Amino acid sequence: MRDYSISHQLICAQQRRVTHVQIRPTREPQIRDNRGWEFENPLKSGFVAILGRPNVGKSTLLNALTGEKVAIVSTKPQTTRNRIVGVVEVPARKGVHPAAQIVFVDTPGVHKPGSHLDRRMLQEVYEALETRDLVLVLMDATRRVQLEAASNPETTAPTRKSAHGAWASEDEFLFGLIRNLDCPVFLVLTKIDLVPKDHLLPLIDSLTHHYGFAQVIPVSARKRDGLDLLVRKIVEVLPVGERYYPKEQYTDQPQRFMVAELIRERILAETGEEVPYASAVVIERFEEAEPPAPPRKKGQAPARLPLTRIAAAIYCEREGQKAILIGKGGSKLKEIGTGARRQIESLLGTRVYLELRVIVEPNWRESRSFVESLNWRNQLEKLAEDQVTEKPGGAEE
Ligand code: GDP
């Protein structure tokens with residue numbers, strides 16, 4: 001298994017306080033015959049914040065752009081709680097654009113905050129907006145088509161008008177966040193595979209007309225439609241600069257946080273009602289696997305993959321939610337564990353032994369200290385502090 005020590009995770013790029021962890025397996029370097037052109041067209045780099053209402057497809061787009069599972073995806077809104085970095089290396093295209101490193105920052109869905117957790121999520125959005133060279137505002141094309149239809153007074157029923165009012169007010173809240181930004185803002189229309197082309201073109205026309213977006217780009221992350229154009233337009237506006245992350249790195253998240261997220265993804269998929277929103281996952285033990293055994297001699301059975309041992313606590317707010325998470329005779333928890341384990345094994349490239357327990361922490365979404373303790377950046381700092389205070393060899397004072 002690859003070695004990512006805590007100190008390695010805390011390497012900071014000076015300007016942006018970058019902490020980095022996840023590294024792609026090295027790929028063969030591309031042999032290029034355009035070195036002279038690359039010399040005259042130096043690397044571009046920059047931070048691109050991905051902003052949008054819950055469920056517009058931010059995480060799906062980030063995963064499609066990086067080609068890795070950086071963020072969990074769910075049909076339920078408000079999946080992403082922390083801002084997440086996904087790094088994309090763009091090779092130079094002679095005569096089109098130089099090589100670039102794009103650092104995408106996925107943010108929690110923008111909605112008017114209710115609980116302390118909501119306020120913390122909004123804070124993550126503000127922080128992403130502080131350090132950015134470009135902002136992508138994502139809008140669900142299917143919803144936008146409905147919104148346009150609902151704003152037509154001749155065809156609109158009263159119930160649709162009130163839905164229109166709620167949507168429009170949430171959209172206004174989002175536009176308020178970007179109104180005074182001094183960087184370019186692109187509007188990215190998502191899920192265009194679900195919208196007929198003859199609805200899409202007038203929509204693009206009207207959005208380009210009404211708002212001062214530098215670009216309006218329609219995409220389908222699911223069908224990988226429009227992604228090349230999006231990347232090309234992004235590279236055009238990025239400044240010339242150095243890499244913020246090593247070339248092979250694709251996210252800043254520590255593995256143990258990604259593991260917690262994969263467990264949360266299963267909870268989102270396996271439970272309904274309030275449970276997904278009232279659940280939080282904390283990794284309590286993460287014992288990295290031993291390095292793989294040396295290859296066996298010809299004809300012998302291949303060595304088994306090493307084993308990673310993980311224990312995690314699932315927090316919820318009420319006894320009733322705990323009962324749902326555990327299920328009859330522990331069946332639900334078993335389903336969550338089995339599904340998560342498969343995903344974690346694929347992330348880590350080892351076998352995984354996963355232990356789950358459920359704890360009730362009443363009203364945790366309103367608890368400032370609990371919400372702060374869930375942020376992996378805080379967890380990382382605490383782990384690093386613990387490591388510094390530990391005596392070498394575990395000697396006691
Ligand atoms: P987020 O909350 O904005 O991060 O949204 P997600 O990325 O979690 O996506 C919300 C839902 O929309 C999920 O069910 C996705 O599978 C779905 N989705 C995202 N992008 C597309 C797309 O391009 N086409 C279609 N048909 N569905 C999509």
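This one's a predicted model, so the numbers in the text were calculated from it and none came from an experiment. (Residues numbered from 1 in each chain as written. Predicted model: local features only at pLDDT ≥ 70, side-chain atom pairs only at ≥ 80, totals over all residues. Heavy atoms only, no water.)

Novice: Sorry if this is basic, but what is going on with the site of the ligand here?
Specialist: Taken together, 15 residues sit near the ligand, with Lys58, Ser59, Thr60, Asp193 and Arg222 positioned nearest. A distance of 3.0 Å separates an oxygen atom of the ligand from a polar backbone atom of Asn55. Lys58 places a polar side-chain atom, nitrogen or oxygen, 2.9 Å from an oxygen atom of the ligand. Contact with the protein chains hides 92% of the accessible area of the ligand, taken as 580 Å² for the molecule alone. Partitioned by chemical class, the residues of the shell around the ligand number four nonpolar, seven polar and four charged. (Near = heavy atom within 4 Å. Polar contact = N/O pair within 3.5 Å; in protein donor to acceptor, adjacent residues only side chain to side chain. Areas by Shrake-Rupley, 256 points an atom, 1.4 Å probe, with all protein chains shown as cover. Nonpolar A, V, L, I, M, F, W, Y, C, P; charged D, E, K, R; others polar.)

Novice: Explanation requested: the sheet that holds strand S9 (residues 280-287) in the structure shown.
Specialist: Across the sheet, three strands lie side by side as S9-S10-S11; this open sheet has mixed pairing. Edge positions in the sheet fall to S9 and strand S11 (351-360), since each has one partner strand and no second. Taken over all neighbouring pairs, the strand axes of this sheet differ in orientation by 20° on average, direction set aside. Note that strand S10 (residues 307-316) and S11 share 10 bridges and pair parallel. Note on S11: the bridge partner recorded for Arg309 is Tyr353. Lying on the sheet, helix H9 (residues 255-270) is in contact with S9, S10 and S11; it crosses S9 at an angle near 135°. (Pairing = 2+ DSSP bridges. Helix = DSSP H or I, 4+ residues; strand = E, 2+ residues; numbered from the N terminus. Axes fitted to C-alpha atoms, helices over the stretch in contact; angles between N-to-C directions. Contact = heavy atoms within 4.5 Å.)

Novice: I'm lost on the packing of helix H10 (residues 319-326) against helix H11 (residues 331-348) in this one. Help?
Specialist: A pair of packed helices is captured by two measures, namely the crossing angle of their axes and the spacing between those axes. Across the interface, H10 lies against H11 with an axial gap of 5 Å and an inter-helix angle of 65°. Of H11, the residues touching H10 (which contributes Ile324, Leu325 and Ile326) are Ser331, Lys332, Leu333 and Ile336. For the contact of H10 with H11, the per-class residue count stands at five nonpolar, one polar and one charged.

Novice: When you look at the pattern of salt bridges in this model, what are you seeing that I'm missing?
Specialist: Charged atoms that come close allow side chains of opposite charge to pair. In the structure shown here, the tally under the stated rule is 16 salt bridges. Of the charged contacts in the structure, one is a salt bridge between Arg266 and Glu270, with a shortest N-O distance of 3.2 Å. In this pair, Arg266 and Glu270 are both assigned in helix H9, four residues apart and thus about one turn of the helix distant. Linking Lys332 and Glu335 is a salt bridge whose minimum nitrogen-to-oxygen distance equals 3.9 Å. A residue pair is termed a helical-turn pair when its members lie 3 or 4 positions apart in one helix, as Lys332 and Glu335 do in helix H11 at three residues. On the basis of relative accessible area, Glu335 is assigned to the partly exposed category, the value being 39%. (Salt bridge = Lys/Arg side-chain N within 4 Å of Asp/Glu carboxyl O. Buried < 20%, exposed > 50% of the residue type's maximum accessible area, 1.4 Å probe, protein only.)

Novice: Just checking my understanding: could you explain the environment of Val195 for this structure?
Specialist: Inspection of the secondary structure assignment puts Val195 in the loop between strand S6 (185-190) and helix H7 (197-210). By relative accessible area, which is 8% here, Val195 ends up buried. In sequence terms Val195 and Ala141 are 54 residues apart; their C-alpha atoms lie 7.0 Å from each other. Filtering out sequence-adjacent residues up to four positions away, Val195 remains in contact with Ala141, Thr142, Val145 and Leu200.

Novice: It is not clear to me how the side chain of Gln101 should be interpreted in this structure. Could you clarify?
Specialist: One can find Gln101 in strand S4 (residues 100-106). Judged by its relative accessible area of 0%, Gln101 falls in the buried class. Among the polar contacts listed, one links the side chain of Gln101 to the backbone oxygen of Tyr245, at a separation of 2.9 Å. With near-sequence residues (within four places) excluded, Gln101 lies in contact with Leu43, Lys44, Ser45, Gly46, Val87, Val88, Glu89, Leu238, Arg243, Tyr244, Tyr245 and Pro246.

Novice: Mind showing me how you'd approach the pairing of strand S5 (residues 134-140) here?
Specialist: Moving residue by residue along a regular strand, the side chains alternate between the two faces of the sheet. Burial analysis of S5 places seven of its seven residues in the buried class, which makes it a mostly covered element. Burial along S5 is two-sided: the face carrying Leu134, Leu136, Leu138 and Asp140 and the face carrying Val135, Val137 and Met139 are both buried. As paired elements, strand S2 (residues 44-52) and S5 share five bridges and run parallel to each other. Bridge assignment links Leu51 to a residue of S5, and that residue is Val137. Alignment of S5 against S6, held across six bridges, turns out to be parallel. Looking across to S6, one finds that Asp140 is bridged to Thr190.

As far as function goes, none of this settles anything; it's purely spatial.
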